[in-house]
Amino acid sequence: MNTLHILIGIPGCGKSTYAQTLAETTGGRIVSSDGIRKELTGTEEYLYPELDSKVFGIFHSRVSDWIKDTDVIADATNIHVKDWKKNIALCPPGTVAIAHWFDICPDIAMKRMEGRERQVPREVVDRMWDIMTKNRPHLADCFEEDRIEIIGEDEKT
């Protein structure tokens, strides 16, 4: 059976870098909301919020299609419980779902974004961090305990 890796974290925490390493290790395919946004607009910049439903329609379609044949790495912020449940629901019975929780505070995420072409405003990062941390107690509602990986600030991402 295949594995769905759901990356959960704020912008700048290292999800996409981690996704590349995970893909190399597992042979899985990465579904990236930023990548899809770039396919549609030519940029990963969040310039067209009206495209969100299209971006995530494609995102979810790829998760659903690809998980049948290979491991899938869901590279998006995934900060809401509904995001986890939606991705898991797209999978065939027996699929293993693993949460990769990026416990990287906004200060460190903002520092990591320095020098990046795509910047996310601090107030957006802070708001996302608040939502994410409020949802942390619900990880156990969606993932088995041994399938929750916490990635801390001191780990290389």
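Structure's up top.
Residues numbered from 1 in each chain as written. Predicted model: local features only at pLDDT ≥ 70, side-chain atom pairs only at ≥ 80, totals over all residues. Heavy atoms only, no water.

**Structural notes on the overall build of the protein**
Within the protein one finds 7 helices and 5 strands. Reading the protein from its N terminus to its C terminus gives the helix and strand order β-α-β-α-α-β-α-β-α-α-α-β. At 15 Å, the protein has a C-alpha radius of gyration in line with the 15 Å of a compact globule built from 157 residues. A total of 157 residues make up the protein; the buried ones form 45% of that total. In the protein, once contacts between residues fewer than 6 apart in sequence are set aside, the share between residues at least 24 apart is 78%. For the protein, the accessible area works out to roughly 8300 Å², and carbon and sulfur atoms hold 49% of it. The positive charge centre, built from 20 side chains, and the negative charge centre, built from 27, are 4 Å apart in the protein. (Helix = DSSP H or I, 4+ residues; strand = E, 2+ residues; numbered from the N terminus. Rg over C-alpha atoms; globule rule 2.2 N^0.38 Å. Buried < 20%, exposed > 50% of the residue type's maximum accessible area, 1.4 Å probe, protein only. Contact = heavy atoms within 4.5 Å. Areas by Shrake-Rupley, 256 points an atom, 1.4 Å probe, with all protein chains shown as cover. Lys, Arg positive; Asp, Glu negative; His and termini not counted. Charge placed at Lys NZ, Arg CZ, Asp CG, Glu CD.)

**A look at helix 3 (residues 52–66)**
Between its terminal C-alpha atoms helix 3 stretches 21 Å, which fits the 21 Å expected from 15 residues at 1.5 Å a residue. What helix 3 keeps buried is the set V55, F59, H60, V63, S64 and W66. Contacts made by the buried residues of helix 3 are with strand 1 (3–8), strand 2 (29–32), helix 2 (33–41), strand 3 (72–75) and helix 4 (81–89). (Expected span 1.5 Å × (residues − 1).)

**Topic: the packing of aromatic side chains**
Applying the stated criterion to the full structure yields 4 aromatic pairs. Plain terms: the ring middles of Y18 and F102 are 5.3 Å apart, the flat faces sit at 90° to each other, and that makes the pair edge-to-face. Note that Y18 is positioned in helix 1 (residues 15–26) and F102 in strand 4 (residues 96–103), a separation of 84 residues in sequence. Each member of the pair, Y18 as well as F102, is classed as buried. Each ring, one from W84 and one from W101, has its centre 6.4 Å from the other, and the planes form 75°; the classification is edge-to-face. Residue W84 is located in helix 4, and its partner W101 is located in strand 4; the two are separated by 17 residues in the primary sequence. (Phe/Tyr/Trp six-rings, centres within 6.5 Å; stacked < 30°, edge-to-face > 60°.)

**Some details on helix 5 (residues 106–113)**
Note: α-helices contain 3.6 residues per turn, so residues at a spacing of three or four share the same orientation. Among all positions of helix 5, only P106, A109, M110 and M113 are buried. Mapping the buried residues of helix 5 onto a view down its axis gives an arc of 100°, with all of them on the same face. For helix 5, the exposed residues set more than 90 degrees away from the buried face come down to D107 and K111. Here the buried face of helix 5 lies against helix 6 (122–135). (Arc of directions from axis to C-beta.)

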